[in-house]
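Given next are the chains, with one letter for each unit.
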Amino acid sequence: QVQLVESGGGLVQAGGSLRLSCVASGRIFRISYMGWYRQAPGKQRELVAVISSGGSTNYADSVKGRFTISRDNAKNTVYLQMNSLKPEDTAVYYCNAELTPMSAGTDDYWGQGTQVTVSS
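Quantities reported herein were computed from a predicted structural model and do not represent experimental measurements.

### Re the overall build of the protein
- When helices and strands are tallied, the protein shows zero helices and 11 strands.
- The helix and strand sequence of the protein, counted from the amino end, reads β-β-β-β-β-β-β-β-β-β-β.
- Relative to the 2.2 N^0.38 estimate, which gives 14 Å for 120 residues, the radius of gyration of the protein is 14 Å and therefore close to what a compact globule would have.
- Here the C-alpha coordinates of the protein stretch approximately 45 × 25 × 20 Å along the principal axes.
- Across the 120 residues of the protein, 42% fall into the buried class.

### Side note on the nonpolar core
- One finds Trp36, Leu80, Met82 and Tyr93 to be the most contacted residues of the largest nonpolar core, which totals 31 residues.
- Here the element with the most residues in this core is strand β9 (residues 91-101); it accounts for five residues.

### Let's talk about the side chain of Thr100
- Its location among the elements puts Thr100 in strand β9.
- Filtering out sequence-adjacent residues up to four positions away, Thr100 remains in contact with Ile28, Phe29, Arg30, Gly105 and Thr106.

### Here's the deal with the pattern of salt bridges
- Enumeration over the complete set of coordinates arrives at four salt bridges.
- Residues Glu46 and Arg38 are paired through a salt bridge, measuring 2.7 Å at the closest nitrogen-oxygen approach.
- The exposure class of Glu46 is partly exposed, given its relative accessible area of 35%.
- On the basis of relative accessible area, Arg38 is assigned to the buried category, the value being 6%.
- A salt bridge links Arg38 to Asp89, with the nearest nitrogen and oxygen atoms 2.9 Å apart. Of this pair, Arg38 sits in strand β4 (residues 28-39) while Asp89 sits in the loop between β8 (77-82) and β9, placing them 51 residues apart in sequence.
- We classify Asp89 as buried; its relative accessible area is 1%.
- Three or more residues are tied together by salt bridges with common partners; here these are Arg38, Glu46, Arg66 and Asp89.

The rules behind these values
Residues numbered from 1 in each chain as written. Predicted model: local features only at pLDDT ≥ 70, side-chain atom pairs only at ≥ 80, totals over all residues. Heavy atoms only, no water. Helix = DSSP H or I, 4+ residues; strand = E, 2+ residues; numbered from the N terminus. Rg over C-alpha atoms; globule rule 2.2 N^0.38 Å. Buried < 20%, exposed > 50% of the residue type's maximum accessible area, 1.4 Å probe, protein only. Core = buried A, V, L, I, M, F, W, Y, C linked by side-chain atoms within 4.5 Å. Contact = heavy atoms within 4.5 Å. Salt bridge = Lys/Arg side-chain N within 4 Å of Asp/Glu carboxyl O.

Written as structure tokens, this is what we have:
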């Protein structure tokens with residue numbers, strides 16, 4: 001069974017940094033895109049950043065220049081380095097991957113979410 005497990009969330013002061021990690025485990029044939037979404041209280045889930053298997057990236061305008069997404073294909077892991085954090089970055093951050101398991105078709109998979117709280 002395929003699972004995505006995030007780690008690295010927590011409480012940080014404004015201007016600080018955090019690094020999120022997400023590992024995809026299970027019998028995986030291929031991972032296409034991996035990315036991070038976030039959902040703040042009372043708001044819809046939004047895309048933060050996404051990275052292709054080849055390393056192409058795309059960011060939400062609100063995080064450009066502050067966040068960096070990267071991945072280690074050998075470890076099926078995606079990272080999100082978050083610098084210059086702002087209170088408005090407070091949200092639950094979810095890992096997402098478009099992947100193909102060994103015995104099933106391509107589908108979207110989600111992690112359980114990790115809380116990021118930025119205090120002012």
